[in-house]
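The primary structure of each chain is shown beneath.
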Amino acid sequence: MVLTWIIFGAIAILAVTSAVAMILVRSALYAVLALVGNFIAVAMLYLLLGAPFISLAQITVYAGAIMILFLFVVMMLGTQKMEFDEPLLGQRIVGGVLILAFLVGIIYFIVTQFGGQPYLPLRSQSLGGPVEVGTVLINQYYLPIFILGFLLLVATIGAVVLTRYKSPKAGLTHGQYDILTEPMEKREEE
Amino acid sequence: MLITINIPPITYFLGISALMFLVGFIGVTLRKNTIVIFMSIELMFNAANLVFVTFASYYNQVNGQLFVLFVMAVAAADAAVGLALVVSIYRSRKSIDIDHVSEMKG
Amino acid sequence: MSLTEVYNINPYFTLVPLVIIFPFLGIVISLVFGKMMKQMVVGSIASIASGLAFVVTLFLLSAELGYGQPVNVKVIDWITVGAFSASWSFRVDTLSIVMMLVVSGVGTLIHVYAIGYMYNDVRFNEDPGRYRRFFVYFNLFILAMMLLVSADNYLLLFVGWEGVGLCSYLLIGFWFEKGPDGIYNAWAGKKAFIVNRIGDFGILIALFLIFGAFGTFQFDTIFSNAPQISQGMALAITMFLLLGVTGKSAQLPLYVWLPDAMAGPTPVSALIHAATMVTAGVYLVVRSSALYAVSPIASGFVAWIGALSAIFAATIAIGQFDIKRVLAYSTISQIGYMIAAAGIGAASAAIFHLIAHAFFKALLFLAAGSVIQAVERGEEKAGHGGEELDPQDMRNMGGLWNRIPLTFWVYLIGALALSGIAPLAGFFSKDEIITNAYTTNPGIFALLVAGEFLTAFYAFRQIFMVFFGKSRTKAAENVSESKPVMTIPLIVLAFCAFVGGAINFPTVGSLTSWLEKTVSHILEAPFNGFSTGLALGLAVLGVIVAWAVYGRRSLGAPDTPDPISRTLGPVFVGMNRKWWVDEFYDLIIVRPYNFMAQLFFGEWIDREVIDGAANNIGGTTRFFSGLMSKLESGYFRTYAMAMLLGGVIILVYFVFR
């Protein structure tokens, strides 16, 4: 019992800390690494909740693929050392108030609606194991999977199209990129 | 030997999820780097996924976990296209500051 | 009854829809083929259509003589709403047959005359293409007037009422771009229409009240139930009907349109404003005599308005110099006689005078048209002397009697009939009215008898001014007679004016007994030597006085003042200026109305209020959209903050629900 609480506490602290770290660090590279940590922590929470398949899927897809993509882009675009934020007019105050209100509200909501819940048993593998998940997926959610395939196909094609490179035409000194082809007038870097 | 292990009540899981969501939203609102903003969006997705799984465990059904699968796929697609856009914008403006793409003013 | 039922009574009754269909065919043929046909053909078709309507009416007359009862011939259902239904049906009874005979008979003669008159007129006004339009309108008028007199319910009568008003407007403004100031004719037409509209307003109110009181518009039902409605309702209905009658028949106070209506061609004045349309009011009063019998106050009003109009118009006629204006005011005066007769209950006297007046007034107008065209011809032959000559001004005439003898003789017959000299038709009809007035109401009798004197005076003033003395202008010296197509209807009408007294000879009373089959309580006073002698004596006195003033010495040049103006002085000025009634109406009605329409409603309300509201709504929307667009800052983070705000609001709502 106590062991459960210790494990849970550790994982929870890890998750929240890495999330906060992500938004606080200056370098985008460190932010990526923090987020990866967050994902792993959440994956462990999934395990605790009896969802082994989802947990490993999370690590594989999120931490393993999406974050690698983010990492590539960060590397490519150069990690610029930017300020933490340059707030717009009164944004800090308004933002602070709203966030506080949101926090208070949601904690209150959770506590009142879901307070006093019993301890749930650890779900066995029969709930979230690959076999069960796969069965339900094919039996009930066949169509969404299908559509999801299309969605991913479209996303792939879109990503390719958006970043295509056109060879230079007559009269142009260099080639153009497909979207936002005309360079806007340069703005001053702050 | 069969030991029934109990996990903490779902209240705490939901609290963690709320905090993660809030942190993600703070990141979206207050940071200037476009890539960090995207990552904060992914963080928010993650928080929502946690809620789904929590309730799947609560009701002892597997449907919540399946939804997480869909959310993950959609988030992946979204991240891909969004990053492609970021790359494209960078190529023409040489900047990934989100305040530099405010032509839709007024 | 349906057509098949009346067929069984007498087959001739089924011909009754033809009185409408023949003029309608005339219109259609003229409209469709008119451009291709020669002018004589167009005019002949119109006259034949009108003539065929007359022939059909003769058939109906023979049928009704045999049958004796009123017949309602239903042609088609017109309106059926709930419990209310009105149908298009014809009423063939003695009164309507008399009216139909007058309208179609005199109408046909005037059509024939107009063939010749308009032939010259379009050439004089340099627009031959307008010939066809004239006859289309003319046939349309016959159609509408037939509809009016043959209707068997008030609603259909009102349709005909409006139709003749429309045709009057169209025909008065026939030369719409000509006339003094270039717009006078159109303005005269507009004035006629608008003043008529005021009368129509009265008729409409009366129709509403009739429907409210009786629940139907059918004559039979209304007249048989007439004694049962309340006095107040009967008074209201009859007074509003009277308003319409004064509008259409040009009595006080709505007579002002008729003198200006002389701007139309002369056949129009003859047909519409002498013989038929203006008598529609008399027809309405006689037809509604059952209603007027219930309300003696209204009948009294009717009689007094008629008598006052008679005197008032006669005084104005004395001071006019335009040959057609004299006849216009004479028309108002004579219709005053008819209305007065109808008001005191002598319906057969009113209808008798209507018939006789149709004869001699149409004769007078047509002969006046002949005179006018003769003067125009004379002016052309004499060469235009540089100044524009008004062919209608009597001061430009004179000495015509031996130059256009035929016109002179028929005009003389007409004037004698108008003055009420025995044994022409006018004498008998007027005498009947005056005798009835003598036994009923001495005040009205006095007015009517005084009117006899004035009538004879202005009629013979006109005769002496136009035909006797020396010719006062070159044009008058060179006049020539009109063509037979114009003179033959004149001769026919003169003949009718001569022998028309036989229709209702004092003791025989054939018209009275004929009409009594339809109209109840016809007042019929016995022959009275005193009143008859007084009227005849005053008429002869008027002729003598006119001769003394105008005939003894020939008048001077056209611009010398009228001989009687020295004697009467300011009274003559008043007569000449129509007693300033038009100016009075203009001051108290027309100007405030124009002010209201143009300034108040036009500028203030229309421009400021309505346009202002529309513009301000647009302006406000633009203002707010301008405000809203400031929210679009273009910065992503602001949008995210806005989303957070929305989220917080929803959260708060759910938490505290």
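Residues numbered from 1 in each chain as written. Chains lettered and ligands numbered in written order. Predicted model: local features only at pLDDT ≥ 70, side-chain atom pairs only at ≥ 80, totals over all residues. Heavy atoms only, no water.

**Some thoughts on the interface of chain B and chain A**
Often, the extent of an interface is quoted as the loss of accessible area upon association of its parts.
No. 1: Counting from both sides, the interface comprises 78 residues of chain B and, opposite them, 86 residues of chain A.
No. 2: The junction of chain B with chain A conceals about 8100 Å² of combined surface from both sides, 75% of it contributed by carbon and sulfur atoms.
No. 3: Where chain B meets chain A, there are 0 salt bridges.
No. 4: Here chain B and chain A share 8 residue pairs in polar contact (both at pLDDT 80 or more) between them.
No. 5: Elements with a contribution of two residues or more to the side of chain B that touches chain A: strand 1 (6–7), helix 1 (10–30), helix 2 (34–59) and helix 3 (63–93) of chain B.
No. 6: Of all the elements, helix 3 of chain B adds the most residues to the side of chain B that touches chain A, at 26 residues.
No. 7: Classifying every residue of the side of chain B that touches chain A gives 50 nonpolar, 20 polar and 8 charged. (Contact = heavy atoms within 4.5 Å. Buried area = accessible area lost by both parts, 1.4 Å probe. Salt bridge = Lys/Arg side-chain N within 4 Å of Asp/Glu carboxyl O. Polar contact = N/O pair within 3.5 Å; in protein donor to acceptor, adjacent residues only side chain to side chain. Helix = DSSP H or I, 4+ residues; strand = E, 2+ residues; numbered from the N terminus. Nonpolar A, V, L, I, M, F, W, Y, C, P; charged D, E, K, R; others polar.)

**Considering the side chain of Thr246(C)**
Residue and element names in this part refer to chain C.
No. 1: Looking at the secondary structure, you find Thr246 in helix 9 (residues 231–248).
No. 2: Given the relative accessible area of 2%, Thr246 is considered buried.
No. 3: At 2.7 Å, the side chain of Thr246 forms a polar contact with the backbone oxygen of Leu243. (Buried < 20%, exposed > 50% of the residue type's maximum accessible area, 1.4 Å probe, protein only.)

**Considering helix 2 (residues 28–48) of chain A**
Residue and element names in this part refer to chain A.
No. 1: Its 21 residues place the ends of helix 2 30 Å apart at the C-alpha level, agreeing with the 30 Å of an ideal helix rising 1.5 Å per residue.
No. 2: Regarding helix 2, its N-cap is Ser27, as a side-chain oxygen of that residue lies 3.2 Å from the backbone nitrogen of Leu29 further along.
No. 3: Where helix 2 ends, the next residue or the one after it, Gly50, has phi of about 80°, a positive value. (Expected span 1.5 Å × (residues − 1).)

**Topic: the nonpolar core**
No. 1: With 219 residues, the main nonpolar core has Tyr154(C) and Leu448(C) as its most contacted residues.
No. 2: If you tally residues by element for this core, the top one is helix 16 (residues 347–382) of chain C, at 22 residues.
No. 3: With residues near it in sequence (within four places) discarded, Tyr154(C) still touches Leu207(C), Ile210(C), Phe217(C), Phe219(C), Ile222(C), Phe223(C), Leu284(C), Ser288(C) and Leu291(C).
No. 4: Of all hydrophobic cores here, the second largest spans 86 residues; its members include Leu35(A), Ala63(A), Val53(B) and Leu644(C). (Core = buried A, V, L, I, M, F, W, Y, C linked by side-chain atoms within 4.5 Å.)

**Some details on the environment of Ala502(C)**
Residues and elements named next belong to chain C.
No. 1: One can find Ala502 in the loop between helix 21 (484–499) and helix 22 (510–516).
No. 2: According to the relative accessible area criterion, Ala502 is exposed, its value standing at 54%.
No. 3: Residues Ala502 and Phe428 lie 74 residues apart in sequence; the distance between their C-alpha atoms is 8.5 Å.

**Quick notes on the interface of chain A and chain C**
No. 1: The interface of chain A with chain C comprises 15 residues on the first partner and 9 residues on the second.
No. 2: Summing the contributions of chain A and of chain C, the shared interface buries around 1100 Å²; its carbon and sulfur component is 82%.
No. 3: Between chain A and chain C we count 0 salt bridges in total.
No. 4: For the side of chain A that touches chain C, a count of residues per class yields 10 nonpolar, 3 polar and 2 charged.

**A few points about unusual backbone geometry**
No. 1: Look at the link from Leu252(C) to Pro253(C): it is a cis peptide, with omega at -5°.
No. 2: By secondary structure assignment, the location of Pro253(C) is in the loop between helix 9 and helix 10 (257–260).
No. 3: Positive phi, normally seen in glycine, also occurs at Asn60(B), with a value near 60°.
No. 4: Structurally, the position occupied by Asn60(B) is in the loop between helix 2 and helix 3.
No. 5: The phi angle at Trp580(C) is positive, at roughly 55°, despite the residue not being glycine.
No. 6: The residue Trp580(C) is located in the loop between helix 25 (570–576) and helix 26 (581–629) in this model.

**Observations regarding the packing of aromatic side chains**
Remark: the centre distance and the inter-plane angle together describe each pair of aromatic rings, the angle taken between the planes.
Residue and element names in this part refer to chain C.
No. 1: A complete count under the given rule lists 48 aromatic pairs over all chains for this structure.
No. 2: Both rings, one in Trp88 and one in Phe90, keep their centres 5.6 Å apart while their planes meet at 50°; by these two values the pair is tilted.
No. 3: Judged by its relative accessible area of 24%, Trp88 falls in the partly exposed class.
No. 4: Measuring from centroid to centroid gives 5.3 Å for Tyr169 and Phe193, while their planes differ by 40°, and the two rings are tilted. A residue pair is termed long-range when its members are at least 10 positions apart, and Tyr169 in helix 6 (residues 154–172) and Phe193 in helix 7 (residues 184–214) qualify at 24 residues.
No. 5: When its relative accessible area of 33% is taken as the criterion, Tyr169 is described as partly exposed.
No. 6: The exposure class assigned to Phe193 is partly exposed, which follows from its relative accessible area of 29%.
No. 7: Aromatic rings pair up to connect Trp401, Phe408, Trp409, Tyr411, Phe460, Phe464, Phe467 and Phe468 into one cluster. (Phe/Tyr/Trp six-rings, centres within 6.5 Å; stacked < 30°, edge-to-face > 60°.)

**So, the pattern of salt bridges**
All names here are of chain C.
No. 1: Per the stated rule, a full pass over the model turns up 11 salt bridges over all chains.
No. 2: Of the charged contacts, one joins Asp586 and Arg591 as a salt bridge, the two residues approaching to 3.2 Å between their closest N and O atoms.
No. 3: Here Asp586 falls in the partly exposed class, since its relative accessible area comes to 26%.
No. 4: If you follow the salt bridges from partner to partner, you end up with Arg91, Asp93, Asp220 and Arg287 in one network.

It is worth stressing that arrangement in space is one thing and function is another; only the former is reported here.
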